[in-house]
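# Tertiary structure, described
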Amino acid sequence: MAVSVSMFLGFFLGFVLVGLVSSAKFDELFQPSWAMDHFAYEGELLKLKLDNYSGAGFSSKNKYMFGKVTIQIKLVEGDSAGTVTAFYMSSDGPNHNEFDFEFLGNTSGEPYTIQTNVYVNGVGNREQRLNLWFDPTKDFHSYSLFWNQRHVRFLVDDTPIRVHTNMENKGIPFPKDQAMGVYSSIWNADDWATQGGRVKTDWTHAPFIATYKGFEIDACEVPVSGVAAESAKNCSSGGEKRYWWDEPTLAELNVHQSHQLMWVRAKHMVYDYCSDTARFPVIPLECVHHVHRH
């Protein structure tokens, strides 16, 4: 297992800076979850296949608290209507926490839509959708989730597209006490994925293939039997132990990142649950308090 504790040379404000670093091949970090016959390995590339028999999915071998997870994906080419490729982190159980990237396929020539969502204590309904500013089927792009006790960042090629901020001081729960696995899958969702389900999957174009590489996890690994409170404590800075994700520079977006997020929201966002008064006649509490600024 390519997981090691790296202690950066020198001291930072008198503390040792610690990070649990893992950057490795697929089979060192992940394992197939279902439909192993729909996996194809080509050198450093992993391909997941969706046909009218099955999709496919994989999961991390370990669970993590805080840090950053990145996967490079080249999405399904051509007519991908009805398909969904997902990359997400999730804990277990009915009161689970979850951070979702869902890539919603479309008919040829139409833009791919990314849907993000955040579940806290088993409650989701926090969808945002945006159209990408590039064609994600022509090349690999990196998709990342960064998580610390202050916020969750969704990143595309290291550009923030969403930030979910800790507002526990306003009485709003924040996901910071459950270890999470890392997952990805491709499946048929033509009952809702494309234009609200109006466009169905055209199986004459199958198999639909999503291609992966560049699996990176730089996060705090948690024992499977770990107690939640102890895991959170062990993965947080304290005393002479400092984790890179707790550094003050990562407590909020910097000015450049804030401008990037404002650009994404202004130019590419097509749906925000906070603005959907039909679904939410009463504005969700986190939307009232959340301001996108530096």
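Reference entry: report on the structure contained in this document. Keep in mind that this is a model prediction, so the values were computed, not measured.

### Some points on the sheet that holds strand 10 (residues 113-119)
- Strands sit in the order 3-6-15-8-9-10-11-18 across an open sheet of eight strands; the sheet is antiparallel. Looking along the sheet, the strands with just one partner apiece sit at the ends: strand 3 (30-34) and strand 18 (269-272). Taking the axes of each pair of neighbouring strands and ignoring which way they run, one obtains an average angle of 15 degrees across the sheet.
- Docked against the sheet, helix 3 (residues 255-267) engages strand 11 (128-131) and strand 18, running at close to 90 degrees with respect to strand 18.

### Considering the pattern of salt bridges
- Under the definition given, this model contains eight salt bridges.
- E127 is the salt-bridge partner of R279, the closest N and O atoms lying 2.9 Å from each other. A residue pair is termed long-range when its members are at least 10 positions apart, and R279 in the loop between strand 18 and helix 4 (285-289) and E127 in the loop between strand 10 and strand 11 qualify at 152 residues.
- The partly exposed category is assigned to R279, whose relative accessible area is 36%.
- Classification of E127 by relative accessible area gives buried; the value is 15%.

### Quick word on helix 3
- Taking 1.5 Å of rise per residue, 13 residues should cover 18 Å, and helix 3 covers 18 Å from first to last C-alpha, within 8% of that figure.
- Its buried side turned inward, helix 3 meets strand 11, strand 13 (151-156), strand 14 (159-165) and strand 18.
- If you check the start of helix 3, you find a side-chain oxygen 3.1 Å away from the backbone N of H256, and it comes from N254.

### Focus: the pairing of strand 14
- Most of strand 14 is tucked away: six of the seven residues are buried.
- Between strand 13 and strand 14, which pair antiparallel one after the other, the connecting turn spans two residues, and D157 there sits at a positive phi close to 50 degrees.

### So, the packing of aromatic side chains
- Summed over the entire model, instances satisfying the criterion amount to 25 aromatic pairs.
- Ring centres of F101 and F154 lie 5.4 Å apart, and the angle between their planes is 75 degrees; this geometry places the pair in the edge-to-face category. One end of the pair, F101, is in strand 9 (residues 98-104); the other, F154, is in strand 13, and 53 residues separate them in sequence.
- An aromatic cluster is built from F26, F30, F39, Y41, F58, Y212 and F215, whose rings are joined through pairwise contacts.
- For the cation-ring pair, R162 lies above F154, with the distance from its terminal atom to the ring centre recorded as 5.8 Å.

### Some points on the state of the cysteines
- This structure, assessed with the given rule, holds two disulfides.
- Covalently, C274 is tied to C287 through a disulfide, its sulfur atoms 1.9 Å apart. Given an S-S torsion of about -75 degrees, the disulfide between C274 and C287 has left-handed geometry. Of the two residues, C274 is situated in the loop between strand 18 and helix 4 and C287 in helix 4; the sequence distance between them amounts to 13 residues.
- Take C287: its relative accessible area is 13%, and that puts it in the buried class.
- Listing the disulfide partners of the protein by sequence rank of the bonded cysteines yields 1-2, 3-4.

Definitions and cut-offs
Residues numbered from 1 in each chain as written. Predicted model: local features only at pLDDT ≥ 70, side-chain atom pairs only at ≥ 80, totals over all residues. Heavy atoms only, no water. Pairing = 2+ DSSP bridges. Helix = DSSP H or I, 4+ residues; strand = E, 2+ residues; numbered from the N terminus. Axes fitted to C-alpha atoms, helices over the stretch in contact; angles between N-to-C directions. Contact = heavy atoms within 4.5 Å. Salt bridge = Lys/Arg side-chain N within 4 Å of Asp/Glu carboxyl O. Buried < 20%, exposed > 50% of the residue type's maximum accessible area, 1.4 Å probe, protein only. Expected span 1.5 Å × (residues − 1). Polar contact = N/O pair within 3.5 Å; in protein donor to acceptor, adjacent residues only side chain to side chain. Phe/Tyr/Trp six-rings, centres within 6.5 Å; stacked < 30°, edge-to-face > 60°. Lys NZ or Arg CZ within 6 Å of the ring centre and 35° of its normal. Disulfide = S-S within 2.5 Å.

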